[in-house]
Amino acid sequence: MPNQIKICGLTTPETIAASIDAGATHIGLNFYPPSPRFVSVSTAAQIVSNIGNEISKVGVFVDATDGFIEQNLRAGALDILQLHGKETPDRVREVKAKFGLPVWKVLSVETAEDVTKAVRYADVADFLLFDTKTPKGALPGGMGLGFDWGLLEAYDGALPWGLAGGLTPENVAEAIRQTGTTLVDTSSGVETAPGIKDVDLIAAFCKAAREA
Ligand SMILES: O=C(O)c1ccccc1N[C@@H]1O[C@H](COP(=O)(O)O)[C@@H](O)[C@H]1O
């Protein structure tokens, strides 16, 4: 199966179209207000209005309430919920039951123990996304920081998983080769400045990931 590719933190119809043209399988809409990639309810509705079923729309939430998820889920016509905060297994179960959509739980990795903790989500999430643990006080993702991919050898769970954190057009093929991941996710790696996506970088990232 070809590698799955998620381009995250999209804020314009043009960069969404560029991601689809480049062969991305997923786009991410960021609903975390402090993020430079944050989209409001009205922007989310507007930028997805012309998209069909050719790509999956993932909503990124950080410790969000049900009400907040609900309003953005409708606006963005989301297919998948990505929980990128400190959501417990019970909270993941609750979100999945309430909204009936696949849930991706993000695990922030610094040590092998962070990877083995994934087992806690085995019965409640649909997919795991391993990302870098960011410094205290920083955004929980989208910082362009990578982690030691070798730590993923500690993962022996059954849930499918993907890789995020500091992936770029230059390193994504090596990341796929080293980890064997079937899904790669990038945000700042295809930007010229925080929140400013570049269509050429999106194309280069997708090409490198597709050909890896
Ligand atoms: O991108 C953000 O601003 C962000 C904010 C809060 C939570 C997650 C965020 N982004 C996610 O982080 C990973 C990795 O990003 P990067 O490639 O290292 O920039 C990705 O899944 C984004 O969805």
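In this convention, every chain numbers its residues from 1, walking through the sequence in written order. A pLDDT threshold of at least 70 governs which residues receive local features in this predicted model, and a stricter bar of 80 or more applies before side-chain atom pairs are shown or counted, although totals over entire chains, interfaces and linings include all residues. Only hydrogens and water are removed before side-chain values are computed, so all heavy atoms of the structure are retained for them.

- Going by an unreviewed UniProt entry, the chain carries the name N-(5'-phosphoribosyl)anthranilate isomerase and comes from Altererythrobacter lutimaris.
- UniProt positions are given in the numbering used here, feature names are shortened, and annotations may be inferred rather than shown by experiment. According to its UniProt record, the chain has this under Catalytic activity (unreviewed entry): "N-(5-phospho-beta-D-ribosyl)anthranilate = 1-(2-carboxyphenylamino)-1-deoxy-D-ribulose 5-phosphate".

1. Some points on the site of the ligand
Logical step 1: Neighbouring the ligand are 26 residues; Cys8, Ser35, Arg37, Asp185 and Ser188 lie closest to it.
Logical step 2: In this structure, Ser35 approaches the ligand through a side-chain N or O atom, which is 2.6 Å from an oxygen atom.
Logical step 3: In this structure, an oxygen atom belonging to the ligand sits 2.9 Å away from a side-chain N or O atom of Arg37.
Logical step 4: Only the protein chains shown count as cover for residues, with accessible areas throughout obtained via the Shrake-Rupley method and a probe of 1.4 Å. Out of a free accessible area of 510 Å², the ligand has 100% covered by protein chains.
Logical step 5: Strands here mean DSSP runs of E at least two residues long; helices mean DSSP runs of H or I at least four residues long; both are numbered from the N terminus. At the level of elements, strand 6 (127-132) and strand 8 (183-186) are the ones that each hand at least two residues to the shell around the ligand.
Logical step 6: Ten residues, namely Ala, Val, Leu, Ile, Met, Phe, Trp, Tyr, Cys and Pro, are considered nonpolar, four, namely Asp, Glu, Lys and Arg, are considered charged, and the remaining ones, Gly among them, are considered polar. Of the residues assigned to the shell around the ligand, the class counts are 10 nonpolar, 12 polar and 4 charged. Only heavy atoms are used to decide nearness, and a residue is near a molecule or strand if one of them lies within 4 Å of it. Counted as a polar contact is a pair of N or O atoms within 3.5 Å, where, for protein atoms, one must be capable of donating a hydrogen and the other of accepting one, and residues adjacent in sequence contribute only when both atoms are in side chains.

2. Focus: the nonpolar core
Logical step 1: Grouped together as the largest cluster of nonpolar side chains are 56 residues, with contacts concentrated most on Ile7, Leu81, Leu128 and Phe130.
Logical step 2: If you tally residues by element for this core, the top one is helix 7 (residues 199-211), at 5 residues.
Logical step 3: Contacts: residue pairs with any heavy atoms within 4.5 Å of one another. Other than its neighbours up to four places away in sequence, Leu128 contacts Lys105, Leu107, Ala118, Tyr121, Tyr155, Leu159, Pro160, Trp161 and Gly162.
Logical step 4: We define the nonpolar core as a collection of buried residues of types Ala, Val, Leu, Ile, Met, Phe, Trp, Tyr and Cys that are connected through side-chain atoms lying within 4.5 Å of one another. A simple rule labels every residue: compare its accessible area, found with a 1.4 Å probe on the protein chains alone, to the largest value its type can have, and call it buried under 20%, exposed over 50%, or partly exposed in between. Counting 8 residues, the second-largest nonpolar core is a separate cluster that includes Ile80, Trp104, Val106 and Ala164.

3. Topic: unusual backbone geometry
Logical step 1: Its identity is not glycine, yet Asp63 carries a phi of approximately 45°, on the positive side.
Logical step 2: Of note, Asp63 is situated in the loop between strand 3 (56-61) and helix 3 (66-75).
Logical step 3: We note that Ala77 has phi near 45°; this positive angle belongs to a residue other than glycine.
Logical step 4: Relative to the elements of secondary structure, Ala77 occurs in the loop between helix 3 and strand 4 (80-83).

4. Side note on the packing of helix 6 (residues 172-179) against helix 7
Packed helices, taken two at a time, are described by the angle between their axes plus the distance between the axes.
Logical step 1: Simply put, an axis is a line fit to the C-alpha atoms, just over the touching stretch for a helix, and the angle between two N-to-C directions goes from 0 to 180 degrees. Running from N to C, helix 6 and helix 7 point in directions that differ by 30°, and their axes come no closer than 8 Å. Taken together, the axes of helix 6 and helix 7 are roughly parallel relative to one another. Seen along the crossing, helix 6 lies across helix 7 with a hand that is right-handed. Between helix 6 and helix 7, the residues in contact are Val172, Ala173 and Ile176 and Phe205, Ala208 and Ala209, respectively. For this classification, under 35 degrees means roughly parallel, over 145 means roughly antiparallel, 65 to 115 means roughly perpendicular, and everything else is oblique. Here is the rule for handedness: rotate from the far helix to the near one, and if that takes an anticlockwise turn smaller than a right angle the crossing is left-handed, while a clockwise turn gives right-handed.

5. Brief notes about helix 1 (residues 13-22)
Logical step 1: Listing the buried residues of helix 1 in full gives Thr15, Ile16, Ala18, Ser19 and Ala22. For helix 1, the angular spread of buried residues about the axis comes to 160°, placing them on one side. Among the exposed residues of helix 1, those oriented more than 90 degrees off its buried face are Glu14 and Asp21.
Logical step 2: Against strand 1 (4-7), strand 2 (26-30), helix 2 (41-48), strand 10 (196-197) and helix 7 lie the buried residues of helix 1. Working definition: the arc comes from the directions between the helix axis and the C-beta atoms, pointing outward to the latter.

6. A few points about the packing of aromatic side chains
Logical step 1: The criterion for an aromatic pair is that two Phe, Tyr or Trp rings (for Trp, the six-membered ring) have centres within 6.5 Å, with stacked assigned to planes under 30 degrees apart, edge-to-face to planes over 60 apart and tilted to the rest. Under the counting rule described, the total for this entry stands at 6 aromatic pairs.
Logical step 2: Ring centres 6.3 Å apart and planes at 90° place the aromatic pair Phe61 and Phe68 in the edge-to-face group.
Logical step 3: In this structure Phe61 comes out as buried when scored by relative accessible area, which is 0%.
Logical step 4: Residue classification places Phe68 among the partly exposed residues on the basis of a relative accessible area of 21%.
Logical step 5: An aromatic cluster is built from Phe31, Phe61 and Phe68, whose rings are joined through pairwise contacts.

7. Considerations on the environment of Gly76
Logical step 1: With respect to the element layout, Gly76 can be found in the loop between helix 3 and strand 4.
Logical step 2: Since its relative accessible area comes to 0%, Gly76 is described here as buried.
Logical step 3: Distance from Gly76 to Val184, taken between C-alpha atoms, is 22 Å for residues 108 residues apart in sequence.
Logical step 4: Once residues within four sequence positions are removed from consideration, Gly76 is found in contact with Leu29, Ala44, Val48 and Lys57.

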